[in-house]
Each structure stands twice: as C-alpha cells, then as structure tokens.
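# Remarks on the overall topology
Here is what each chain is made of, one letter per residue.
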Amino acid sequence: MRKEERYKGVLNWFNEHVPVAETELHYDNPYQLLIAVILSAQCTDKRVNMITPALFRDFPTPEVMAASTSEVIFEYIRSVSYPNNKSKHLVGMAKMLMSDFDGVVPSDIDELQKLPGVGRKTANVIASVVYNKPAMAVDTHVFRVANRIGLTNNSKTPLETEKELVKHIPEEQIPIAHHWLILHGRYTCIARKPKCEECGLKPWCKYFLSPKKT
C-alpha cells in the first residue's frame with residue numbers, strides 16, 4: 001500500500017467517525033491550558049484535571065502566580081509527577097509571561113519554547129489548540145500510533161514523526177489530527193495490547209496487516 005493511500009484512508013475514517021476531537025484537559029483560557037499542559041508531562045489528563053480547579057481558582061492570572069513561590073505551588077500539585085520541577089516551571093513561566101509577553105500567552109512556537117517548562121510538544125499543543133495553527137504535537141501516543149499504523153517509517157524521534165505527519169496531512173486537518181492520534185492511542189491503539197479487533201483502521205494499518213505482529 002502506498003503511503004498516500006494509507007494517509008487518505010486513515011484521515012477519511014477519522015473524519016467520518018470522529019468528527020469532534022478535542023483535548024481532554026479542562027481549561028477556560030490560554031493561560032490555564034498552558035498550566036495544564038505543563039502539568040500533563042508524564043502524567044494523565046485525568047490526574048491533572050483533578051488538581052487544576054484549585055490552582056486556577058487561587059492563581060487566576062499570570063500576575064498572581066508570578067507573585068507566588070514554587071513552595072506554595074508545590075502544595076497544589078504534589079500529586080502529579082515531578083511536582084518539584086513543575087512547581088518551579090509554573091512560577092518561572094508566569095514571571096516570564098509578565099516580563100516578556102505582557103501577560104499574554106504567545107502564539108509563536110519559538111517564543112513559547114522560551115518559557116520555563118515548555119518544550120516543543122507543549123508549544124505545539126498551545127499553537128494548535130489555542131491558535132489553531134498547523135502544529136503537530138507528538139507525545140508518546142502520537143509517536144506510537146503513527147509508527148504502528150505506518151504513517152511514519154519507524155521514525156526514531158518525536159521531531160522525525162512531527163515532520164513526516166505535517167508533510168502528509170493537509171494543513172487544515174493538522175490541529176484535529178493531533179487529537180485523533182492521541183485519543184486513538186489512549187483508548188484503542190494502546191501500548192501493550194492494541195485493541196485491533198475493534199479498530200476501524202484495520203484496512204490501512206501496517207501493524208494489523210503484517211504477518212508477524214510485534
């Protein structure tokens with residue numbers, strides 16, 4: 001099967017069967033989403049959604065959070081992974097938003113990556129979800145699913161995967177395709193034992209069609 005045919009089949013299936021796909025993180029504005037995405041690194045969205053209501057309530061703006069300390073923030077986020085680092089990142093992020101960006105979350109991916117705790121994946125999420133830019137955030141789910149289906153040729157890094165996906169997915173579909181792949185990896189094409197029998201992508205999936213599944 002040619003790669004173009006695989007992409008077309010996969011995207012058409014998602015478009016028909018999953019017309020709405022959004023982040024599962026709860027937020028009301030770009031600042032809140034930035035906090036949630038920073039917290040979600042190596043942590044479940046479910047856990048993040050449990051702790052952010054109190055955090056958003058008590059630190060409603062970057063200005064308020066910038067005036068706090070990592071020790072104070074730590075008490076709010078202690079149940080997530082790496083709370084020490086993340087509490088420092090959040091305070092640093094808020095301070096830089098105030099000092100360099102007038103309290104406004106930037107839309108540019110390079111500018112976003114200047115913020116503490118914001119790597120390329122997080123920057124792409126913000127650019128895509130908030131500003132609807134054709135940015136493809138590659139987390140473990142996207143990386144695994146893209147390789148498994150055959151959308152990428154055994155790419156070794158998230159950046160390789162990102163470049164390959166952006167090259168083949170129509171620009172206007174990139175923001176939603178990011179969520180399609182994440183949600184598919186989270187609930188169907190799971191890491192240890194993918195639920196192939198209930199997956200609608202079987203006709204185009206390299207993994208399913210291979211004689212030796214690994």
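What you see is a predicted model; the values in this text were computed from it and never measured.

Here the chain is partitioned into domain 1 (1-19 + 134-207) and domain 2 (28-129). The centre of domain 1, based on its C-alpha atoms, is set 27 Å off from the matching centre of domain 2. Listed as interface residues are 11 residues of domain 1 and, on the opposing side, nine residues of domain 2. In terms of surface lost to domain 2, no three residues of domain 1 exceed Ala135, Ala137 and Glu162, which account for 48% of the buried area on that side. In this structure, the connection of domain 1 to domain 2 is made through two salt bridges. The closest approach of N and O atoms between Glu162 and Arg120, which form a salt bridge, is 2.8 Å. Here domain 1 and domain 2 share four residue pairs in polar contact (both at pLDDT 80 or more) between them. For the side of domain 1 that touches domain 2, the elements supplying multiple residues, two or more each, are helix H10 (158-168) and helix H11 (174-187). When the residues that make up the side of domain 1 that touches domain 2 are grouped by side-chain class, the tally is six nonpolar, two polar and three charged.

A few words now on empty space enclosed by the protein. Applying the stated criterion across every chain, the model contains two cavities of 30 Å³ or more. Here the largest cavity defines a volume of roughly 90 Å³. Contributing to the lining of the largest cavity are 14 residues, with His184, Cys189, Cys196, Cys199 and Cys205 lying nearest its centre. Put simply, the parts of the chain that give the lining of the largest cavity at least two residues each are helix H9 (140-149) and helix H12 (206-209). Its residues assigned to classes, the lining of the largest cavity shows nine nonpolar, two polar and three charged.

This brings us to the packing of aromatic side chains. By the definition in use, this model includes three aromatic pairs. With centroids separated by 5.4 Å and ring planes inclined at 70°, the aromatic side chains of Trp13 and Phe14 adopt a geometry described as edge-to-face. For Phe14, a relative accessible area of 3% puts it in the buried group. On the numbers, 5.4 Å between centres and 10° between planes, the contact of Phe14 with Trp180 is stacked. Highlighted residues: Phe14 in helix H1 (residues 3-17) and Trp180 in helix H11, separated in sequence by 166 residues. Joined through ring pairs, the aromatic side chains of Trp13, Phe14 and Trp180 make up one cluster.

About the cut-offs
- Counting of residues starts from 1 at the beginning of each chain's written sequence and follows it residue by residue.
- Totals for whole chains, interfaces and linings use all residues, but because this is a predicted model, local features are given only for residues with pLDDT of at least 70 and pairs of side-chain atoms are given and counted only at 80 or more.
- Calculation of side-chain values draws on the structure's entire complement of heavy atoms; hydrogens and water are dropped beforehand.
- The split of the chain into domains comes from an automatic or database domain assignment.
- For this analysis, residues touch if any pair of their heavy atoms sits within 4.5 Å.
- Note on terms: buried area is the combined drop in 1.4 Å-probe accessible area of two parts once they are placed together, counting the loss on both.
- Salt bridges are defined by distance alone: a side-chain nitrogen of Lys or Arg within 4 Å of a carboxyl oxygen of Asp or Glu.
- Each polar contact in these results corresponds to two N or O atoms within 3.5 Å; when the atoms are within protein, one needs to be able to donate a hydrogen and the other to accept it, and residues that are neighboring in sequence are counted only if both atoms are side-chain atoms.
- Secondary structure elements follow DSSP: runs of H or I of four or more residues count as helices, runs of E of two or more count as strands, with numbering from the N terminus.
- Gly falls in the polar group here, along with every residue not listed as nonpolar (Ala, Val, Leu, Ile, Met, Phe, Trp, Tyr, Cys, Pro) or charged (Asp, Glu, Lys, Arg).
- The way it works is a 1 Å grid over only the protein atoms, where trapped points that fit a 1.4 Å probe form a cavity and open points with protein on both sides within 12 Å along at least five of seven lines form a pocket, and then any residue with an atom within 4 Å of a point lines it.
- Grid points are joined across faces, edges and corners, and a volume is the space filled by probe spheres set on the points.
- Only the six-membered ring of Trp is used, alongside the rings of Phe and Tyr, when aromatic pairs are assigned; centres must lie within 6.5 Å, and planes under 30 degrees apart are stacked while those over 60 apart are edge-to-face, with the rest tilted.
- Relative accessible area decides the class of each residue, using a 1.4 Å probe on protein chains only: under 20% of the type maximum gives buried, over 50% gives exposed, and in between gives partly exposed.

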